[in-house]
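# Close look at the chain arrangement
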Amino acid sequence: MSILNVENIQKSFGKNEVLKNISFSLEKGEVLAIIGSSGSGKTTLLRCLNFLETPDKGRIIVNGETLLDADKNTKRNEKEIRRKRLHFGLVFQSFNLFPQYSVISNISLAPLLMAKEQLKNEGEYMGEKTYRAAAEKIRENVLSLLKKVGLSEKKDEYPGNLSGGQQQRVAIARALALDPDVLCFDEPTSALDPELTGEVLNVIRGLKSSDSTMIVVTHEIEFARDVADKIIFMDSGVIAEEGTPQEVIINPKNPRTREFLARFNQNFS
Amino acid sequence: MDEFLNITQQLLTGFGENCFLFIITLVSAIPLGLIISMGSMSRFVPLKAVTKTFVWIIRGTPLMLQLFVVFYVPPLMSDGEFVFSRMNAAIVAFIINYAAYFSEIFRGGIEAVPKGQYEAGQVLGMTKTQIFFKVILMQVIKRITAPVGNEVITLVKDTSLASVIAIPEILMNAKDFSMEGLIWPLFYSAVFFLLFCGVLTILFSFLEKKLNYYKG
């Protein structure tokens, strides 16, 4: 069974149809790269998955559970949405770290709040019965995540004192701390100086080897080719081409894909 | 020497009125201003329109006029049934006036926090309340410290406007002395304001320094 099924997602802003009937599926541990020009709907698609936008039509199914069925007018209360959101993590283009918290607090803030809430409601958080024990467990997890993204020695710094690449790595650790089923990246390197993109892409590469399921919206065609199991090329709100890197990037069939890739090769060769 | 002590005591009594008005206005206008700022950011259009109009009127007319209106209009409209004491009238006018100004500072501070901060909180599964208190509020406080400090210092001096409805505040006393031919109490009264504002300036710059532990 696929970990994620997206069926017939449609989304319009006013008269502007941004997503027209998007469907795809993703297996556990797979990395999906979404490429395409600006305005093709890539970011909106990620935002729909993370419940930052509500699709007008379509279904989102994770592990067989229908998280969203836009055709059914079910009541959407905040608590439900929060729970469903946690199936996904999102790393933003502009990091969006909380400037007033140290690196370690940025990562542990949400898990600690969640632990408090679950202990109150269910008397247990990940097998721990007291807040102190839960907090200790969270701290250990956060430290190991920081190690994973190579920032152990920066744990007490504030985001404002870090480089863009370091901030984005903290943002990745922050998203991982909630252990999402699918981790989404919205152009994670677009706001970075070219010499800083490597460190972020390497972290994402490292996650692939630890079996995370990921969707990466990116302009880094080479990265997509090397890391992704599957590539989607989006063009004005539709999936113009879909397949393995070999199929989409090396031997594209759709003329739009060819045109897009040709422009990239021009710019970067 | 006796004269100096006597005048000091009279000015101090007057300054007590200023301080009283200052404190009451400050502690009431800040929460009220927060409520008004919520109104002016509301997505419910009628509420937003009413709040914006209210803020426009209050900021667009002199505080002195507002003092007159609060003090003189209720008794005239109610055939003398409903009368504010002088101090209560001043308190009401000052709270309304300052709440309007504070509300605009708060609105500016809240709206200046990037949308991405809310969205980051949302995708981390935080509730709206958690996002506001754990993520947004601190950033708002940092942004508004300087303008609030400005407004607070203005308030200290504005309290002397209460003399227009005959509240015996410090400037009124000092002016009375000058009518008797003594000029120096006028300058002496300035010392009280300078000291008070000096303390506030130090307090606010201390606060700003405290909040400077992070950038952004």
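Check the entry above for the structure.
What comes next concerns the included structure.

Rules behind the numbers
Within every chain, residues take consecutive numbers counted from 1 along the sequence as written. The lettering of chains begins at A and the numbering of ligands begins at 1, in the order of writing. Note on the predicted model: pLDDT of at least 70 is required for a residue's local features to be given, and 80 or more for side-chain atom pairs to be given and counted; whole-chain, interface and lining totals, by contrast, use all residues. Side-chain numbers here rest on the full set of heavy atoms in the structure, without hydrogens or water. Numbered from the N terminus, helices here are DSSP runs of H or I no shorter than four residues, and strands are runs of E no shorter than two. As defined in this context, the radius of gyration uses C-alpha atoms, and a globule is described by 2.2 Å times the residue total to the power 0.38. Think of it in three bands: residues with accessible area under 20% of the maximum for their type are buried, residues over 50% are exposed, and the middle band is partly exposed, with areas taken using a 1.4 Å probe on protein chains only. Any two residues having at least one pair of non-hydrogen atoms within 4.5 Å are treated as being in contact. Per-residue and other accessible areas were derived by the Shrake-Rupley procedure at a 1.4 Å probe size, with only the shown protein chains allowed to occlude residues. His is not counted, nor are the chain ends; Lys and Arg add positive charge and Asp and Glu add negative charge. Throughout, a charge is located at the NZ atom of Lys, the CZ atom of Arg, the CG atom of Asp or the CD atom of Glu. Buried area adds together the accessible area that both of two parts lose upon being put together, with accessible area traced by a 1.4 Å probe. When a carboxyl oxygen of Asp or Glu lies within 4 Å of a side-chain nitrogen of Lys or Arg, that pair is called a salt bridge. Distance and chemistry together define a polar contact, namely a pair of N or O atoms within 3.5 Å, with one atom able to donate a hydrogen and the other to accept it when in protein, and with adjacent residues in sequence counting only for side-chain atoms on both sides. Following the grouping adopted for this structure description, the nonpolar residues are Ala, Val, Leu, Ile, Met, Phe, Trp, Tyr, Cys and Pro, the charged ones are Asp, Glu, Lys and Arg, and the polar ones are all others, Gly among them. Working definition: rings of Phe, Tyr and Trp (its six-membered ring) pair if their centres are within 6.5 Å, and the pair is stacked with planes under 30 degrees apart, edge-to-face with planes over 60 apart, and tilted otherwise.

## Overview of the overall build of chain A
A count of helical and extended segments in chain A gives 9 helices and 10 strands. Against the globule reference of 18 Å for 269 residues, chain A gives a C-alpha radius of gyration of 19 Å, in line with a compact fold. A principal-axis box enclosing the C-alpha atoms of chain A has dimensions of 60 × 50 × 35 Å. Considering chain A as a whole, with its 269 residues, one finds that 52% of them fall into the buried category. In chain A, the share of contacts with a sequence separation of at least 24, taken over all contacts with a separation of at least 6, comes to 64%. Here chain A has roughly 12,400 Å² of accessible surface; of this, 45% comes from carbon and sulfur atoms. For chain A, the centre of its 36 positive side-chain charges and the centre of its 37 negative side-chain charges are spaced 4 Å apart.

## Here's the deal with the interface of chain A and chain B
Taken together, the contacts link 26 residues of chain A with 21 residues of chain B. Buried area between chain A and chain B, both sides added, is near 2,200 Å², and the carbon and sulfur share of it is 60%. It is A:Phe98, A:Gln100 and A:Leu113 in chain A that bury the most area against chain B; as a group they hold 26% of the surface buried on that side. Our count for the chain A to chain B interface comes out at 1 salt bridge. Residues B:Glu119 and A:Arg47 are paired through a salt bridge, measuring 2.7 Å at the closest nitrogen-oxygen approach. Put simply, chain A and chain B have 11 residue pairs in polar contact (both at pLDDT 80 or more) between them. For the side of chain A that touches chain B, the secondary structure elements donating two or more residues are helix H2 (78-85), strand S6 (88-91) and helix H3 (103-122) of chain A. The element contributing the most residues to the side of chain A that touches chain B is H3(A), with 5 residues. Here the side of chain A that touches chain B is built from residues that sort into 15 nonpolar, 5 polar and 6 charged.

## Overview of the packing of aromatic side chains
Residue and element names in this part refer to chain B. Applying the stated criterion across every chain, the model contains 20 aromatic pairs over all chains. Ring geometry for Phe94 against Tyr98: centres 6.4 Å apart, planes inclined by 0 degrees, an arrangement best described as stacked. Taken together, the residues Phe94 and Tyr98, both in helix H4 (residues 86-111) and 4 residues apart, mark about one turn of the helix. Both residues of the pair, Phe94 and Tyr98, belong to the buried class. For the pair Trp184 and Tyr188, a centre-to-centre distance of 5.9 Å together with 40 degrees between the ring planes defines the contact as tilted.

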